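As a plain string of letters, each chain reads:
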Amino acid sequence: MTDASISAVAVETSKRPLPRPGILDIAAYVPGKSKGSKGVTLHKLSSNETPLGASDKAIAAVANVAEHLELYPDGSSTALREAIGEVYGLNADRIICGAGSDEILSLLAYTYLAPGDEAIYSEHGFLVYDIAIRAAGATPVAAPEKDLTTDVDAMLDRVTERTKVVFIANPNNPTGTYLPFEEVRRLHENLPANVLLVLDAAYAEYVRKNDYESGMELAATAENVVMTRTFSKIYGLASLRLGWGFGPAHIMDAMNRIRGPFNVNGPAIAAGIAAVRDKAFLERAVDHNETWLPWVTAELEKLGLSVTPSVGNFVLIHFPDVEGKRAKDADAFLLDRGCVLRLVGNYGLPNSLRMSIGSEEANKTVVSALAEFLG
């Protein structure tokens, strides 16, 4: 570009509002594809959605609310917070609800980060952390992982006087790995008291490991820990955008001061109340995952593919570094057959695909297609 053209661009942009410095450096979040290459979705396994749909009770609750869409919802989501508190044995006053756990994560960043501050997350952690940190004007710091698992020592090594927040997804997306809770406690014990530890437990309901905890107890007893959860995954309410956070009263008070007054819509509140109380539906979803997660893992490994051990409702599949057999080639092959998985190059994993655990038909179709692909 010539000096004249640069000058012309500068003059042109001076005639319109400009975002503050740093905003245009943020890479926009790109959701998983919804359709195959021919425009038809047979099996969408790109967004970790449940194949069981939503609870019948949640669907009925939404239908009831649909008769009064002209009314504003409860701006404090009181009944929903009380239902969550009832099910988990938590103080409802220390719960905050939002449009997915994404909003809770962003609210935490906007509340506790400012320009000049730093926030830490793991190398292959959820992309929303980086976006939220940058949007708040702070600097993201990615800590290397060990065997695609959050490394506590690497995180602690990166703590400085500028560090204000540490984000951990446990289990982590997209790797499916988790930290035993003694490691989470070790991290917390070695963080300065003024650093906020955020435990993102979006997939907690799926985990069946004796050394795992979602962080609820730590958030109940510590002054600098918040746990976040979502209704988008195991509860099947992704379309309604609903999540929640639990932590100290002083943190909830600060977040509520900047939270939108009606940030959770009425149908989402009604569905959440019904869903969180439907234990039978939850158990059915867990049983489905307990059956098909190990099956998918074993069948993919039989094909010679490497699969990162997962405790969530998805697996991370690694492809050979061979011309025509890499992840992008597998993705194109699967798309042609109506199987939609997730490329994760934007997570620093350019030769891997993330596959959600789907229905029996979906799981078997993907395995069969990959067998043909690897041929």
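Residues numbered from 1 in each chain as written. Predicted model: local features only at pLDDT ≥ 70, side-chain atom pairs only at ≥ 80, totals over all residues. Heavy atoms only, no water.

Engineer: Outline the sheet that holds strand S12 (residues 342-344), listing residues and values.
Structural biologist: Sheet strands line up and pair through hydrogen bonds in the backbone, either parallel or antiparallel. As summarised here, the arrangement of the four strands in space is S9-S10-S13-S12, forming an open sheet in which the pairing is antiparallel. This sheet does not close on itself; its edge strands, each paired only once, are strand S9 (306-308) and S12. Sheet twist, expressed as the mean angle between neighbouring strand axes with direction ignored, is 35°. Along the sheet face, helix H12 (residues 327-336) touches S12 and strand S13 (349-356) and points at about 35° away from the line of S13. (Pairing = 2+ DSSP bridges. Helix = DSSP H or I, 4+ residues; strand = E, 2+ residues; numbered from the N terminus. Axes fitted to C-alpha atoms, helices over the stretch in contact; angles between N-to-C directions. Contact = heavy atoms within 4.5 Å.)

Engineer: Can you tell me about the UniProt feature "modified residue: N6-(pyridoxal phosphate)lysine" (unreviewed entry) in the protein, naming the residues and giving the values?
Structural biologist: UniProt records the feature "modified residue: N6-(pyridoxal phosphate)lysine" (unreviewed entry) for Lys233 in the present numbering. Within the element layout of this structure, Lys233 appears in the loop between strand S7 (225-230) and strand S8 (243-246). Residue Lys233 is classed as buried on the basis of its relative accessible area of 17%. In contact with Lys233, not counting residues within four places along its chain, are Ser47, Asn48, Thr50, Ala202, Tyr203 and Tyr206. Among the polar contacts made by the side chain of Lys233, one reaches the main-chain carbonyl oxygen of Ser47 at a distance of 3.1 Å. (UniProt positions renumbered as here; feature names shortened; annotations may be inferred. Buried < 20%, exposed > 50% of the residue type's maximum accessible area, 1.4 Å probe, protein only. Polar contact = N/O pair within 3.5 Å; in protein donor to acceptor, adjacent residues only side chain to side chain.)

Engineer: Tell me what's going on with the UniProt feature "domain: Aminotransferase class I/classII large" (unreviewed entry) in the protein, and back it up with residues and numbers.
Structural biologist: Within this numbering scheme, the UniProt entry marks residues 44-370 as carrying the feature "domain: Aminotransferase class I/classII large" (unreviewed entry). With 39% helix and 18% strand, residues 44-370 has its two end C-alpha atoms placed 15 Å apart.

Engineer: Run through the nonpolar core, naming residues and quoting values.
Structural biologist: Ranked by size, the top nonpolar core spans 60 residues in total, and within it Val166, Leu187, Phe231 and Trp244 carry the most contacts. Among the nonpolar cores identified, the runner-up in size contains 31 residues, and Ala109, Ala169, Val198 and Met255 belong to it. (Core = buried A, V, L, I, M, F, W, Y, C linked by side-chain atoms within 4.5 Å.)

Engineer: Before we move on, could you go through the pairing of S7 and cite the residues and values that matter?
Structural biologist: For S7, the tally of buried residues reaches six of six residues, placing the bulk of the element in the interior. Neither face of S7 is open: one carries Val225, Met227 and Arg229, the other Val226, Thr228 and Thr230, and all of them are buried. When strand S6 (residues 196-200) meets S7, the two strands line up parallel, connected through four bridges. The residue of S7 that forms the bridge with Leu199 is Met227. Each parallel crossover has a hand, and for S6 linked through helix H8 (residues 216-221) to S7 it is right-handed. One ladder, built from four bridges, connects S7 with S8; its direction is antiparallel. What sits directly across from Thr230, in S8, is Gly243. (Right-handed = clockwise from strand over helix to strand, strands pointing away.)

Engineer: Outline the environment of Asn194, listing residues and values.
Structural biologist: Its place among the elements puts Asn194 in the loop between helix H7 (181-189) and S6. For the pair Asn194 and Glu223, spaced 29 residues apart in the sequence, the C-alpha separation amounts to 9.0 Å.

Engineer: I'd like a rundown of the pattern of salt bridges, residues and numbers included.
Structural biologist: All told, the structure shown has 17 salt bridges when counted by the stated rule. Arg185 is the salt-bridge partner of Glu217, the closest N and O atoms lying 4.0 Å from each other. With Glu217 in helix H8 and Arg185 in helix H7, this pair connects stretches of sequence that are 32 residues apart. A relative accessible area of 27% places Arg185 in the partly exposed class. Residues Glu372 and Arg337 are paired through a salt bridge, measuring 3.6 Å at the closest nitrogen-oxygen approach. Residue Glu372 is found in helix H13 (residues 360-374), and its partner Arg337 is found in the loop between H12 and strand S11 (339-340); the two are separated by 35 residues along the sequence. What makes Arg337 partly exposed here is its relative accessible area of 32%. Each of Asp153, Glu183 and Arg186 takes part in salt bridges that share partners, so that together they form one network. (Salt bridge = Lys/Arg side-chain N within 4 Å of Asp/Glu carboxyl O.)

Engineer: Go over empty space enclosed by the protein with me, naming the residues and quoting the values.
Structural biologist: Taken as a whole and assessed by the stated rule, the structure comprises one cavity of 30 Å³ or more. Residue lining of the largest cavity: Glu49, Thr50, Pro51, Leu52, Tyr206, Ala285, His288, Asn289, Asn313 and Ile357, and that is the complete set. (1 Å grid on protein atoms, 1.4 Å probe; cavity = no way out; pocket = protein on both sides within 12 Å on 5 of 7 lines; lining within 4 Å. Points joined across faces, edges and corners; volume = space filled by probe spheres on them.)

Engineer: Describe helix H9 (residues 249-256), with residues and values.
Structural biologist: Of the positions making up H9, those classed as buried are Ile251, Met252 and Met255. Projected down its long axis, H9 carries its buried residues within an arc of 100°, all on one side. On the buried face of H9, the contacting elements are strand S2 (95-98), helix H4 (100-112), S6, S7 and S8. (Arc of directions from axis to C-beta.)

Engineer: I'd like a rundown of the packing of aromatic side chains, residues and numbers included.
Structural biologist: To describe a pair of aromatic rings, one takes the distance between the centres and the angle between the planes. For the structure on display, the rule yields eleven aromatic pairs. Arranged with centres 5.0 Å apart and planes meeting at 70°, the rings of Tyr203 and Phe314 form a pair that is edge-to-face. In this pair, Tyr203 sits in the loop between S6 and H8 while Phe314 sits in strand S10 (residues 314-318), placing the two residues 111 residues apart along the sequence. Each member of the pair Tyr203 and Phe314 is classed as buried. Ring centres of Phe319 and Phe373 lie 6.4 Å apart, and the angle between their planes is 75°; on these two criteria the pair is classed as edge-to-face. Note that Phe319 is positioned in the loop between S10 and H12 and Phe373 in helix H13, a separation of 54 residues in sequence. Per residue, the accessibility class of Phe319 equals that of Phe373, and both read buried. Through a chain of ring-to-ring contacts, the aromatic side chains of Tyr121, Phe126, Tyr129 and Phe167 assemble into a single cluster. (Phe/Tyr/Trp six-rings, centres within 6.5 Å; stacked < 30°, edge-to-face > 60°.)

Engineer: Account for the sheet that holds strand S3 (residues 118-122), naming residues and giving values.
Structural biologist: With mixed pairing, the seven strands of this open sheet are ordered in space as S2-S8-S7-S6-S5-S3-S4. Only two strands of the sheet have a single partner each, and these edge strands are S2 and strand S4 (139-143). Strand-to-strand twist across the sheet, computed as the mean angle between neighbouring axes with direction ignored, equals 20°. The pairing of S3 with strand S5 (residues 163-169) spans three bridges and is parallel. If you follow Ala119 over to S5, its bridge partner there is Val165. Across the sheet, helix H3 (residues 78-88) is in contact with S2, S7 and S8; its angle to S2 comes to roughly 125°. Lying over the sheet, H4 contacts S2, S5, S6, S7 and S8, oriented at roughly 155° with respect to S7.

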